[in-house]
Amino acid sequence: MKLCHCCTVLLLLFTSVSAHSDFFTSIGHMTDLLFMEKDLVSSLKDYIRAEEDKLQQIKRWADRLDVLSAAGSQDPEGFLGHPVNAFKLIKRLNTEWAELESLVLTDVSDAFVSNLTIQRQHFPNDDDQTGAAKGLMRLQDTYELDTETISSGQLPGSSSMAAMSSVLSADDCYDLGKVAYSDVDYYHTELWMAQALKQLDQGEESSIVDAVAILDYLSYSVYQQGELERALEFTKRLLELDPSHQRANGNLKYFEYQLSKQKKLKDGQDDDEEERRMRKENRGRREDYLPERKQYEKLCRGEGIQMTPRRQSHLFCRYYDNGRHPRFVIGPLKQEDEWDSPHIVRYHDIVSDRDMEKVKELAKPRLRRATISNPTTGVLETAHYRISKSAWLGAYEHPVVDKINQKIEDITGLDVSTAEDLQVANYGVGGQYEPHFDFGRKDEPDAFEELGTGNRIATWLLYMSDVHAGGATVFTDIGAAVQPKKGSAVFWFNLYPSGEGDYRTRHAACPVLLGNKWVSNKWIHERGQEFRRRCGLHWTD
């Protein structure tokens, strides 16, 4: 009965998330998976207990029959000469052994197995596993982490206790290498296969992978990166373990031939070295679509911030009442300058924990993979450079949403009636949003045409969780970085008063290294601001 109850609970839990996919793009949805796995383990334990109870019953039968057969075998005729013993023997063989047979044949696993089979269709799929693996590699690149650091769980900001239970096995490292290999990413294939081999060499046991398979991947991945000598070295080591390996024997001859050929053609060697160096520096990316990637990643690591001491001396913290606004005269806001030009400000303790939890509660069932607007077609589509899930909340849906919208209007002085609904976002494994503009550029004249409210004049970004490491909002053009702080909001104008786009506001959400990042943002549009933010005479006014 208890097992059936657990199955019912699991069915309800899995049904609640079955409509969602792309689990790896939202830590919030992955927490549901964690609880579901916990319930599944509980169901598994119930099955184990049922099997143990069954075995105990069989054992008691065996012990009782052992005593009886031992007593009867000493003097069979004397034993059966007693009519009670003769009757009981006939009865046991006629009925009781049939009952025992029925008990042995009872399959108590049926409920658990059928439940597991049903629920597997709601589990994360191969795409989720691949997405999570690529998320780890993204963190590896952005924060310049070596494979040993990630494998040992010793991430910046993590506690030693958490790291002890957050380690990667050699099998895990091997799987990460295979994901990279499938993506023709030989740089990361080499790194993770080398880590898997290192852990095996250190004595770690694996029932899934052996050194031969890893060396096979290693030799090919370094060969693809132009390192013939290392490819030959790995191949020779492989053949020491498996002399009959057909592909390795063929590769051995090929690598030796190519090396001898390379030594004869020394003129192009320097160019090859330079090409290999550039490939390593670019982490295997041959053509990067993101020109400011290095600047973006440096800012995410807290490097390359372009705020000088002189400029910083002009940034202040103050109590702010927005021109003696009635709501803030008695209780002014805590305002902090984050950047001078463009002016980026942060408001501290803007929304209570209770209200933020309500926003998360409203958004969580509706979270879907975040999309971007295709600049050519205008169609919303998912993108590999935006790893998160989002949901939209209208002011009419709950008083808390309406209260937050009103607070944004009171603080900024802008009309939010023409703004977009409140967007709530939760980031996934290595969750990020690479550099982008919030406003529509001149080459995107139809970006917000269907809204009929003009361009996005300003952005309000509320941090609804603290993040242990990573997850900063960085502005790549000006070299600014804003760290997430729960309950605080940052605000900036995307357009000059003239309506021209301020290209200095190009920004990004850095990959979340450790923690669960929740944000909500409000994109405020031009319409309704005509008398609240007047146009300037010059395009940069």
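Details of the structure are given in the entry above.
Predicted model only: the values in this text are computed from it and were never measured.

Caption draft 1: Summary view of helix α18 (residues 399-412). The terminal C-alpha atoms of α18, which comprises 14 residues, lie 20 Å apart, in line with the 20 Å expected from a rise of 1.5 Å per residue. Among the residues making up α18, those that are buried are Val400, Val401, Ile404, Asn405, Ile408, Glu409, Asp410, Ile411 and Thr412. Downstream of α18 by one or two residues, glycine 413 has phi in the positive range, about 75°.

Caption draft 2: Geometry of the nonpolar core. Among the nonpolar cores identified, the biggest contains 47 residues, and Ile214 and Val474 are the most heavily contacted of them. Once residues lying within four places of it in the same chain are set aside, the contact partners of valine 474 are Tyr296, Leu299, Cys300, Ala480, Ala481, Arg506, His507, Ala508 and Cys510. Among the nonpolar cores identified, the runner-up in size contains 35 residues, and Leu333, Val401, Ala458 and Ile524 belong to it.

Caption draft 3: Representation of the state of the cysteines. Per the stated rule, a full pass over the model turns up 1 disulfide. Here cysteine 300 is linked by a disulfide to cysteine 510, with a sulfur-sulfur distance of 2.0 Å. Classification of the bridge connecting cysteine 300 and cysteine 510 rests on its S-S torsion, roughly -90°, and on that basis the disulfide is left-handed. In this pair, cysteine 300 sits in helix α15 (residues 293-300) while cysteine 510 sits in the loop between β15 (507-509) and β16 (512-515), placing the two residues 210 residues apart along the sequence.

Caption draft 4: Just the side chain of threonine 189, in detail. On the secondary structure map, threonine 189 appears in helix α10 (residues 186-201). Take threonine 189: its relative accessible area is 0%, and that puts it in the buried class. Among the polar contacts made by the side chain of threonine 189, one reaches the main-chain carbonyl oxygen of aspartate 185 at a distance of 2.7 Å. In contact with threonine 189, not counting residues within four places along its chain, are Gly177, Ala180, Tyr181 and Ser221.

Caption draft 5: Focus on the packing of helix α2 (residues 27-74) against helix α5 (residues 110-120). Between α2 and α5, the shortest axis-to-axis distance is 9 Å and the interhelical angle comes to 160°. The angle between the axes of α2 and α5 places the two elements in the roughly antiparallel class. Like other packed secondary-structure pairs, α2 and α5 cross with a definite hand, here left-handed. From α2, Leu40, Ser43, Leu44 and Tyr47 reach across to α5, where they touch Phe112, Asn115 and Leu116. Classifying every residue of the contact of α2 with α5 by side-chain character gives 5 nonpolar, 2 polar and no charged.

Caption draft 6: Spatial organisation of the packing of helix α9 (residues 170-182) against α10. Relative to each other, α9 and α10 sit at 165°, their axes nearing to 8 Å. When the axis of α9 is compared with that of α10, the two are roughly antiparallel. For the crossing formed where α9 meets α10, the hand is left-handed. In this structure, α9 uses Ala170, Cys173, Tyr174, Leu176, Gly177, Lys178, Ala180 and Tyr181 to contact α10, whose residues at the interface are Tyr186, His188, Thr189, Trp192, Met193, Gln195, Ala196, Gln199 and Leu200. Its residues assigned to classes, the contact of α9 with α10 comprises 11 nonpolar, 5 polar and 1 charged.

Caption draft 7: Looking closely at unusual backbone geometry. Between serine 341 and proline 342 the backbone carries a cis peptide bond, its omega angle lying at 0°. As for its placement among the helices and strands, proline 342 is situated in the loop between β2 (333-339) and β3 (344-348). The phi angle at asparagine 322 is positive, at roughly 50°, despite the residue not being glycine. Mapped onto the fold, asparagine 322 is located in the loop between β1 (317-320) and β2.

Caption draft 8: Summary view of helix α4 (residues 83-105). Helix length check: α4, at 23 residues, gives a terminal C-alpha distance of 32 Å against a target of 33 Å (1.5 Å per residue), a fit within 8%. The axis of α4 is deflected most strongly, by about 45°, at arginine 92. Arg92, Glu96, Leu100 and Leu103 are the residues of α4 that are buried.

Caption draft 9: Representation of the pattern of salt bridges. Tallied over the entire structure, the rule returns 32 salt bridges. Between arginine 311 and aspartate 340 there is a salt bridge; the shortest N-O distance is 2.7 Å. Taken together, the residues arginine 311 in helix α16 (residues 309-312) and aspartate 340 in the loop between β2 and β3 connect sequence positions 29 residues apart. For arginine 311, a relative accessible area of 27% corresponds to the partly exposed category. Glutamate 361 serves as the salt-bridge partner of lysine 358, at 3.2 Å between the closest nitrogen and oxygen. Pair noted here: lysine 358 and glutamate 361 are both in helix α17 (residues 353-363), with a separation of 3 residues, about one helical turn. Through salt bridges with shared partners, a single ionic network connects Arg64, Lys91 and Glu96.

Caption draft 10: Expanded view of the sheet that holds strand β14 (residues 489-493). The 9 strands are arranged β1-β2-β3-β14-β10-β17-β8-β7-β4 in an open sheet whose pairing can be described as antiparallel. At either margin of the open sheet sits one strand with a lone partner, and together these are β1 and β4 (368-369). Alignment of strand β10 (residues 456-463) against β14, held across 5 bridges, turns out to be antiparallel. Bridge pairing in β14 places tryptophan 460 opposite phenylalanine 491. Sitting on the sheet, α17 touches β7 (388-393), β8 (422-427), β10 and β17 (518-525), and the angle it makes with β7 is about 100°.

What counts, and where the lines are drawn
- Residues numbered from 1 in each chain as written.
- Predicted model: local features only at pLDDT ≥ 70, side-chain atom pairs only at ≥ 80, totals over all residues.
- Heavy atoms only, no water.
- Helix = DSSP H or I, 4+ residues; strand = E, 2+ residues; numbered from the N terminus.
- Expected span 1.5 Å × (residues − 1).
- Buried < 20%, exposed > 50% of the residue type's maximum accessible area, 1.4 Å probe, protein only.
- Core = buried A, V, L, I, M, F, W, Y, C linked by side-chain atoms within 4.5 Å.
- Contact = heavy atoms within 4.5 Å.
- Disulfide = S-S within 2.5 Å.
- Polar contact = N/O pair within 3.5 Å; in protein donor to acceptor, adjacent residues only side chain to side chain.
- Axes fitted to C-alpha atoms, helices over the stretch in contact; angles between N-to-C directions.
- Parallel < 35°, antiparallel > 145°, perpendicular 65-115°, else oblique.
- Left-handed = near helix turned anticlockwise from the far one by under 90°.
- Nonpolar A, V, L, I, M, F, W, Y, C, P; charged D, E, K, R; others polar.
- Bend = angle between axes of the 7 residues up to and from the residue.
- Salt bridge = Lys/Arg side-chain N within 4 Å of Asp/Glu carboxyl O.
- Pairing = 2+ DSSP bridges.

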